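Here's the letter readout for the chains.
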Amino acid sequence: MEVKKLGISWQFLIVLVLILQILSALDFDPYRVLGVSRTASQADIKKAYKKLAREWHPDKNKDPGAEDKFIQISKAYEILSNEEKRSHYDHYGDAGESQGYQKQQQQREYRFRHFHENFYFDESFFHFPFNSERRDSIDEKYLLHFSHYVNEVVPDSFKKPYLIKITSDWCFSCIHIEPVWKEAVQELEGLGVGIGVVHAGYERRLAHHLGAHSTPSILGIINGKVSFFHNAVVRENLWQFVESLLPGNLVEKVTNKNYVRFLSGWQQENKPRVLLFDQMPTVPLLYKLTAFAYKDYLSFGYVYVGLRGAEEMTRQYDVNVYTPTILIFKEHIHKPADVIQARGMKRQVIDDFITQNKYLLAARLTSQKLFHELCPVKRSHRQRKYCVVLLTAEATKLSKPFEAFLSFALANTQDTVRFVHVYSNRQQEFASTLLPDSDTFQGKSAVSILERRNTAGRVVYKTLEDPWTGSESDKFILLGYLDQLRKDPALLSSEAVLPDLTDELAPIFLLRWLYSASDYISDCWDSIFHNNWREMMPLLSLVFSALFILFGTVIVQAFSDSNEERESSPPDKEESREKTGKTEPSFTKEPSSKIPKKGFVEVTELTDITYTSNLVRLRPGHMNVVLILSNSTKTSLLQKFALEVYSFTARIVGW
């Protein structure tokens, strides 16, 4: 009876709840829920919705009615954000959800498909399929798509690191880190860091390609490699993460003991040297990012002016120790080629300064890529670019012809003329193409003026008739040719196809292999200890499966071999029988019998001990023949039996 009363009370309670829900649904007003007027714009509705959703989300608000309130807010926004539903509600008092079973079914199917396509799982409470127009404006500028990432971000990551945030709709952890992210983005972007945002709900393919399985995720990309950020999202940690992405050998610490060696390295590396003087004991991130962007063209050093002994350098180069100063040195290490100093230097100012001093005065052509940059192909008659090439022998110290060529280049710098030199012993094919077939230039320097006509190597050129010695007459003749070229480009009368230059600075095969192996080991280490374990599960599963199969096979084979040895090892019955005079039957050569190879057949007596090993554990494909004998017939029949069955191979058991 009590159970029956309890059941009736529960039924009454359920009916009451349903009635209250129906009444509340009839009284549901989305405008009142969001607190906006009926003439509110979409921007006002969205603003009100975001404010209320943040306030009443169950993860944030511990009020018992927060979940119901949050559902009402979401439903109200769903109605008012859709112009069709809003119009239907304004005219009929509902959102058009009671228009017949068939239409309801179609709407449910569409909503399910739409929801399924845009749903993304992570630790947040819910993800609603909002349109792109509802995304936060702070992220719209940096949104990435898969094609944009592959075609632009990855190639550009070899010049600057990228900091990318993975986000999604209604990721409240994303909202929590938004102020820190906004501040860090504004600062790091000004330093030259690339910024990107991936919406996991809309760019699921890119999110999975990056290995991001939860939101928010922050990762860095440099040289095409992806590294995940694992610390607390604060400004200092983000700065340290970006700095950790950069190689450690970008900037060399320069002191009064090694500055001469550093500046003299231009000849070996074929790069200008850049020195930054500053009061900070550590290298600024801005300077490291600049060094990474121009690492293929210049070598960078840093001088801490507060270090003992730095006064020698600051006094020699007249550096103001109270203001950050950048000096660029080219072929002359005792005098900087250019100087810039300013407080709070901007990245754009540094880029302009570096670009103007990107090459040496007379750079050495060490690769085809550098040849393309220094001596570009002629594009029009008004955009002619001439290259004055000094063909000289390699020397450890600056020779007189090269020093004279440098001084001439410094005095006659023009936008249309570039001065370069080539080691004729390293680029023999290139040099022999420009030199005439005579013994006049054997072991001597020569100067050629050339203009590139296409990327296939076709050039027009003129080589000076006499070897280049650097005398005043040589300079006068070269200057006359350059002045004449301005009026008459037909002066370059010779034509040839130059071979591609050999890359002199490319590492040898062994070093390239070591570098590749080191990068591969580093990638594996990062993948094991830093990447998402969900991404590593297929690889780990494959490795453990292979190990299980390998060791399982070895163990099974070991047990199998031990059983085989135990079964195949003959008992020491022959020796005992020889001692007791009971020899095993043997046979001799007879004309009517088949000649055995060993001269005897092993016959094992079948006992309770040998029964299991010979009959019960019989291997597949093996056959035992059992001969039943009596004591009286054993001696005479056993030998005849052995002779008959010997040719059938195998093993004969039992008597």
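Details of the structure are given in the entry above.
We now turn to the structure provided with this report. From a predicted model like this one, the values you see are computed outputs, not experimental measurements.

**Here's the deal with the environment of Leu-263**
Of note, Leu-263 is situated in helix α12 (residues 259-263). For the pair Leu-263 and Glu-331, spaced 68 residues apart in sequence, the C-alpha separation works out to 8.9 Å. Each residue touching Leu-263, except ones within four places of it in the same chain, is listed here: Arg-273, Leu-275, Tyr-317, Phe-329 and Ile-333.

**Describing unusual backbone geometry**
Here Thr-215 and Pro-216 are connected by a cis peptide whose omega angle stands at -5°. With respect to the secondary-structure elements, Pro-216 resides in the loop between α10 (204-210) and β3 (217-222). In this model, Asn-223 sits at a positive phi of 55°, which is unusual for a non-glycine residue. A relative accessible area of 30% means that Asn-223 is categorised as partly exposed. For Asp-318, which is not glycine, the phi dihedral falls at a positive 55°. Mapped onto the elements of the fold, Asp-318 is located in the loop between α15 (311-316) and β8 (325-329). Residue Asp-318 is classed as exposed on the basis of its relative accessible area, which comes to 69%.

**Looking at helix α20 (residues 472-487)**
For α20, with 16 residues, the first-to-last C-alpha span of 23 Å sits near the 22 Å given by 1.5 Å per residue. All of the buried residues along α20 are Asp-474, Lys-475, Leu-478, Tyr-481, Leu-482 and Leu-485. Buried residues of α20, viewed axially, fall in a sector of 125°; they line one side. Residues of α20 that are exposed and angled more than 90 degrees away from the buried face: Glu-472, Phe-476, Arg-486 and Lys-487. Elements that come into contact with the buried residues of α20 comprise β11 (386-392), α18 (400-411), β12 (417-423), β13 (446-452) and β14 (458-463).

**Comments concerning the packing of aromatic side chains**
For the coordinates displayed, the defined rule picks out twelve aromatic pairs. Here Tyr-297 and Tyr-359 contribute two aromatic rings whose centre-to-centre distance is 6.0 Å and whose plane-to-plane angle is 90°, an arrangement assigned as edge-to-face. Of this pair, Tyr-297 sits in the loop between α14 (285-293) and β7 (299-304) while Tyr-359 sits in the loop between α16 (347-356) and β10 (363-364); the two residues are 62 residues apart in sequence, bridging distant segments of the chain. Taken individually, Tyr-297 and Tyr-359 each receive the classification buried, so the pair is uniform in this respect. Ring geometry for Tyr-317 versus Phe-329: centroids 5.0 Å apart, planes at 70°, classification edge-to-face.

**Thoughts on helix α8 (residues 146-156)**
The complete set of buried residues in α8 reads Phe-146, Tyr-149 and Val-153. Buried residues in α8, looked at end-on, bunch into an arc of 65°, giving them a common side. Contacts made by the buried residues of α8 are with β1 (162-167), α10, β3 and β4 (225-228).

**Considerations on the pattern of salt bridges**
Evaluation of the coordinates by the stated rule reveals 16 salt bridges. Here Glu-451 and Arg-453 are joined by a salt bridge, their closest N and O atoms 3.5 Å apart. For Glu-451, a relative accessible area of 0% puts it in the buried group. Classification of Arg-453 by relative accessible area gives partly exposed; the value is 27%. Here Glu-495 makes a salt bridge to Arg-458, at a shortest N to O gap of 2.4 Å. With Glu-495 in strand β15 (residues 494-497) and Arg-458 in strand β14, this pair connects stretches of sequence that are 37 residues apart.

**Looking at the state of the cysteines**
When the sulfur atoms of two cysteines share a covalent bond, that bond is a disulfide. Scanning all chains against the criterion turns up two disulfides. Here Cys-171 is linked by a disulfide to Cys-174, with a sulfur-sulfur distance of 2.3 Å. Disulfide Cys-171-Cys-174: torsion about the S-S bond near 80°, hence right-handed. With relative accessibility at 2%, the residue Cys-171 sits in the buried group. Its relative accessible area of 4% is what places Cys-174 among the buried residues. Each sulfur in the disulfide pair Cys-375 and Cys-387 lies 1.7 Å from the other.

The rules behind the values
- Residues numbered from 1 in each chain as written.
- Predicted model: local features only at pLDDT ≥ 70, side-chain atom pairs only at ≥ 80, totals over all residues.
- Heavy atoms only, no water.
- Helix = DSSP H or I, 4+ residues; strand = E, 2+ residues; numbered from the N terminus.
- Contact = heavy atoms within 4.5 Å.
- Buried < 20%, exposed > 50% of the residue type's maximum accessible area, 1.4 Å probe, protein only.
- Expected span 1.5 Å × (residues − 1).
- Arc of directions from axis to C-beta.
- Phe/Tyr/Trp six-rings, centres within 6.5 Å; stacked < 30°, edge-to-face > 60°.
- Salt bridge = Lys/Arg side-chain N within 4 Å of Asp/Glu carboxyl O.
- Disulfide = S-S within 2.5 Å.

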